[in-house]
Amino acid sequence: MLTFIGLGLYDERSITVEGQRALRDADRAYAEFYTSKLIGASVPDLEEAHGIEIDVRDRAGVEQHPEDVLEAAEDEDVVFLTAGDTMISTTHVDLRLRAHERGIDTQVIHGVTAQTATSSLTGLQNYRFGKATTLPFPYAHGADGLPASVTDTIDDNRADGLHTVVYLDIKVGYDPTNSQTANRPEDTVGYDRADGDQYMTADVGAALLAEVYPELVGVVVARAGSPDPLVDAATMTELAERSFGDPLHLLVIPGECHLLEADALVELAGVDREALDIV
C-alpha cells in the first residue's frame, strides 16, 4: 500500500487523526517539502511526534527517481507526506499512477489546504475563487516585470468577478550548483532561514504587484493554521510598506464581493469598504 498523507498547514499537530494513525502504523515514510513546508515543525519534530523515521526527498527523488519508494510499497505499508493537502499544488498524481501500474494499492488522506484556510480566515466564499497563481522571485523567472502567468490570471479572474489567490514563492535550500539560486542577487529580499530556505513575504509580493496594480486591494494571510494567523488588507502600495511577521504568507486579490464578504473583510482584515467592488 502507498498512502499519500497531507500534513496540514503548520506543525506536527496539524495532521488529521486518520493521517496520524496511518503514519504511525506505516512501515516506511517518505516526504517532500519543496512544494511547501511546515513552518512550525522540523522533520525531527515530526519523527518524534509520530514515532517513525522520515526520508525527505528532493524534487528529482520524487519526480524522476521514485523507484525505491515504489519497490518498498510493493511489500510494505508506505506513506508519502506533504504539507497541506496531498496532491494539491504537486505532481504526485504521477507517483500514484506509477504505483497503480505496478499493482500497488493507494489511498489519499487529506489535510487542510491554504486555499480553504484562506477562505475561512478572510470570510471570502470558497466558490467565488478563480484560478490561483504563484508569484515567483524576479531572479527565478528571469524576466522584467510580472510574469504573464500572474497578470493574465489576475486580469481574467477580475473580469469574471472572481477572487484570486496569489501564492508567494518558496526556494528550498541555497544550492550553489543550481543556476537559479547561485545567480540570485545579494540584495534579494524575503525571509531567509538559516537552512538556506527562502520565502517571499507579503510585503515583497505586494511591492512586485504594485508595479502593475498600485491601487488594487490585496488581502494578506499569514501563518494560516498556526496559533497566531494574521489577516490584513489595503492597497498593494500600502501593503508593500507593512511587515507581517514570520511566514508562510500569501495574498488574495478580491473580485466582486457580496455584502457578507465585504462585511467580513472590513471586520476581519480592516479594509476600507469604499475600496471594494461590492455587488
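Since the model is a prediction, treat every value here as computed from it, not as a measurement.

Draft legend 1. Highlighting the overall build of the protein chain. In terms of regular secondary structure, the protein chain is built from 12 helices and 15 strands. Taking 279 residues into account, the globule formula puts the C-alpha radius of gyration at 19 Å, and the protein chain, at 20 Å, falls close to it. Seen along its three principal axes, the alpha-carbon backbone of the protein chain occupies a region of about 60 × 45 × 35 Å. Within the protein chain, the fraction of its 279 residues that count as buried is 49%.

Draft legend 2. Fine view of unusual backbone geometry. Cis peptide bonds are those with omega within 30 degrees of zero, and the linkage from P247 to L248 qualifies with 5 degrees. Here L248 shows up in the loop between α11 (236–239) and β13 (249–253). At M87, a position not held by glycine, the phi torsion is positive, near 80 degrees. For M87, the position within the fold is in the loop between β4 (78–82) and α5 (93–101). A residue is classified by how much of its surface remains accessible, and M87, at 19% relative accessible area, is buried. Positive phi, normally seen in glycine, also occurs at R223, with a value near 60 degrees. One can find R223 in the loop between β11 (217–222) and β12 (230–235).

Draft legend 3. Spotlight on helix α1 (residues 17–25). Listing the buried residues of α1 in full gives G19, A22 and L23. Mapping the buried residues of α1 onto a view down its axis gives an arc of 100 degrees, with all of them on the same face. Residues of α1 that are exposed and point more than 90 degrees away from the buried face comprise V17 and D25. Against β1 (2–6), β2 (28–31), α2 (43–50), β4 and β5 (106–109) lie the buried residues of α1.

Draft legend 4. Fine view of the pattern of salt bridges. Within the structure shown, the criterion is met by 12 salt bridges. We note a salt bridge from R28 to E76, for which the minimum N-O separation is 3.0 Å. Here R28 is found in strand β2, whereas its partner E76 is found in the loop between α4 (67–75) and β4, with 48 residues between them in sequence. Note on E76: relative accessible area 25%, which makes it partly exposed. Put simply, K37 and D197 hold a salt bridge, and the shortest N to O gap is 2.4 Å. Placement of K37 in the loop between β2 and α2 and of D197 in the loop between β9 (191–192) and β10 (198–199) is noted, with a sequence separation of 160 residues between them.

Draft legend 5. Structural view of the environment of V79. In this fold, V79 is placed in strand β4. Placed 25 residues apart in sequence, V79 and I54 show a C-alpha to C-alpha distance of 9.5 Å. Those residues in contact with V79, other than ones at most four positions away along the chain, are T3, I5, A22, L23, A26, R28, A29 and Y30.

Draft legend 6. Examining the nonpolar core more closely. Ranked by internal contacts, the top residues of the largest apolar core, which has 25 residues, are L135, L209, L239 and L251. Apart from the residues lying within four places of it in its own chain, the contact partners of L239 are D203, A206, G218, V219, V220, D232, A233, A234, F244 and L251. With 19 residues, the next largest nonpolar core counts F129, V217, C257 and V271 among its residues.

Draft legend 7. Representation of a negative patch on the surface. A cluster of acidic residues, D152, D155, D156 and D160, forms a negative patch at the surface. Examined against the element boundaries, D156 turns out to sit in helix α8 (residues 148–159).

Draft legend 8. Main features of the environment of T164. Relative to the elements of secondary structure, T164 occurs in strand β7 (residues 164–168). T164 gets classed as buried once you look at its relative accessible area, which sits at 0%. T164 sits 34 residues away from G130 along the chain, and the two C-alpha atoms are 5.8 Å apart. The residues touching T164, leaving out its near neighbours within four places in the chain, are K131, T133, T153, I154, N157, L251, V252 and I253. There is a polar contact of 2.9 Å between the side chain of T164 and the side chain of N157.

Rules behind the numbers
- Residues numbered from 1 in each chain as written.
- Predicted model: local features only at pLDDT ≥ 70, side-chain atom pairs only at ≥ 80, totals over all residues.
- Heavy atoms only, no water.
- Helix = DSSP H or I, 4+ residues; strand = E, 2+ residues; numbered from the N terminus.
- Rg over C-alpha atoms; globule rule 2.2 N^0.38 Å.
- Buried < 20%, exposed > 50% of the residue type's maximum accessible area, 1.4 Å probe, protein only.
- Arc of directions from axis to C-beta.
- Contact = heavy atoms within 4.5 Å.
- Salt bridge = Lys/Arg side-chain N within 4 Å of Asp/Glu carboxyl O.
- Core = buried A, V, L, I, M, F, W, Y, C linked by side-chain atoms within 4.5 Å.
- Patch = residues over 30% accessible without salt bridge, like charges linked within 9 Å, V, L, I, M, F, W, Y side chains within 5 Å.
- Areas by Shrake-Rupley, 256 points an atom, 1.4 Å probe, with all protein chains shown as cover.
- Lys, Arg positive; Asp, Glu negative; His and termini not counted.
- Charge placed at Lys NZ, Arg CZ, Asp CG, Glu CD.
- Polar contact = N/O pair within 3.5 Å; in protein donor to acceptor, adjacent residues only side chain to side chain.

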